[in-house]
Amino acid sequence: GDSVTQKEGLVTLTEGLPVMLNCTYQTIYSNAFLFWYVHYLNESPRLLLKSSTDNKRTEHQGFHATLHKSSSSFHLQKSSAQLSDSALYYCALNTGANTGKLTFGHGTILRVHP
Amino acid sequence: EAAVTQSPRNKVTVTGGNVTLSCRQTNSHNYMYWYRQDTGHGLRLIHYSYGAGNLQIGDVPDGYKATRTTQEDFFLLLELASPSQTSLYFCASSAGYNQAPLFGEGTRLSVL
């Protein structure tokens, strides 16, 4: 079945260093939509990035990601981590098969310290 | 402004109890979802719906029923609550099958 893998459960960084959170996915459908959500404590998860276009970089709020269908990856990156980036990040997959079903990874906690 | 409202925000019940979690969206969205969030498991889909009267089974449906009474309202029912259902529950809605869902603020459920 469809699945999303976020291999890091916890990433700890010093402020100012680059961020990279890994996301890979599995699906038999070729028209997949990938999303990154950010979840701050005591708030709702909210959309950070989305893409369905192969090899096109998408950016928002200093974060960027490129969907690579050849490697089934959609890694989240940022050039310089900020303390306020500390949160739980989810990668999610919609297969594009007209089911509406959205499958999330287990999430990666990002902790940025001074 | 787009909104997904969940109630109650917190609920405590006992094993075997009957619980209903409510979700209302005022976004005219077709799709609505119920997820549970647990440490180490992330967000897992319980049930979802693409319109009033429609129900689709998610990935972890056991022990849960759901009903979509109107386009706006989606309910999650736990008829015989168990401690394993202690979790943070999120409702979400989206305009289309490939659109990013908008999440509510969550309902924290404790089953003692």
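So, here's what we can say about the structure. Here the structure is a predicted model, which is why all the values come from computation and not from measurement.

**A closer look at the sheet that holds strand E9 (residues 76-78) of chain A**
Residue and element names in this part refer to chain A.
Phase 1 of the analysis: The four strands are arranged E3-E9-E8-E7 in an open sheet whose pairing can be described as antiparallel. Each edge of the sheet is formed by a strand with only one pairing partner; in this case those strands are strand E3 (19-21) and strand E7 (57-60). Here the average twist between neighbouring strands, direction ignored, is 20°.
Phase 2 of the analysis: Where E3 meets E9, three bridges bridge the pair, whose relative direction is antiparallel. In the strand pairing of E9, Leu21 is matched with Leu76.

**Topic: the state of the cysteines**
Phase 1 of the analysis: Inspection of the entire model under this criterion finds two disulfides over all chains.
Phase 2 of the analysis: Here Cys23(A) pairs with Cys91(A) through a disulfide, and the sulfurs are 1.9 Å apart. Here the S-S torsion is close to -65°, and the disulfide linking Cys23(A) with Cys91(A) is therefore left-handed. Remark: Cys91(A) occurs in strand E10 (residues 87-94) and Cys23(A) occurs in the loop between E3 and strand E4 (24-26); sequence separation between them is 68 residues.
Phase 3 of the analysis: On the basis of relative accessibility, which here comes to 0%, the residue Cys23(A) falls in the buried class.
Phase 4 of the analysis: The disulfide partner of Cys23(B) is Cys91(B), and the gap between their sulfur atoms is 1.9 Å. The chirality of the disulfide connecting Cys23(B) with Cys91(B) is left-handed, given an S-S dihedral of about -80°. Separated by 68 residues along the polypeptide, Cys23(B) in strand E3 (residues 19-25) and Cys91(B) in strand E9 (residues 87-94) bring together distant segments of the chain.

**Some details on the packing of aromatic side chains**
Phase 1 of the analysis: Under the criterion given, the structure shown has 14 aromatic pairs over all chains.
Phase 2 of the analysis: Residues Tyr90(A) and Phe104(A) carry aromatic rings whose centres are separated by 5.8 Å and whose planes lie at 85° to one another, so their mutual orientation is edge-to-face. Pair noted here: Tyr90(A) is in strand E10 and Phe104(A) is in strand E11 (residues 102-104), with a separation of 14 residues, a long-range link. The pair formed by Tyr90(A) and Phe104(A) is uniform in burial state, with each residue classed as buried.
Phase 3 of the analysis: Chaining the aromatic ring pairs together yields one cluster made of Tyr37(A), Tyr90(A), Phe104(A), Tyr31(B), Tyr33(B), Tyr35(B), Tyr48(B), Tyr50(B), Phe90(B) and Phe103(B).

Rules used in this analysis
Residues numbered from 1 in each chain as written. Chains lettered and ligands numbered in written order. Predicted model: local features only at pLDDT ≥ 70, side-chain atom pairs only at ≥ 80, totals over all residues. Heavy atoms only, no water. Pairing = 2+ DSSP bridges. Helix = DSSP H or I, 4+ residues; strand = E, 2+ residues; numbered from the N terminus. Axes fitted to C-alpha atoms, helices over the stretch in contact; angles between N-to-C directions. Disulfide = S-S within 2.5 Å. Buried < 20%, exposed > 50% of the residue type's maximum accessible area, 1.4 Å probe, protein only. Phe/Tyr/Trp six-rings, centres within 6.5 Å; stacked < 30°, edge-to-face > 60°.

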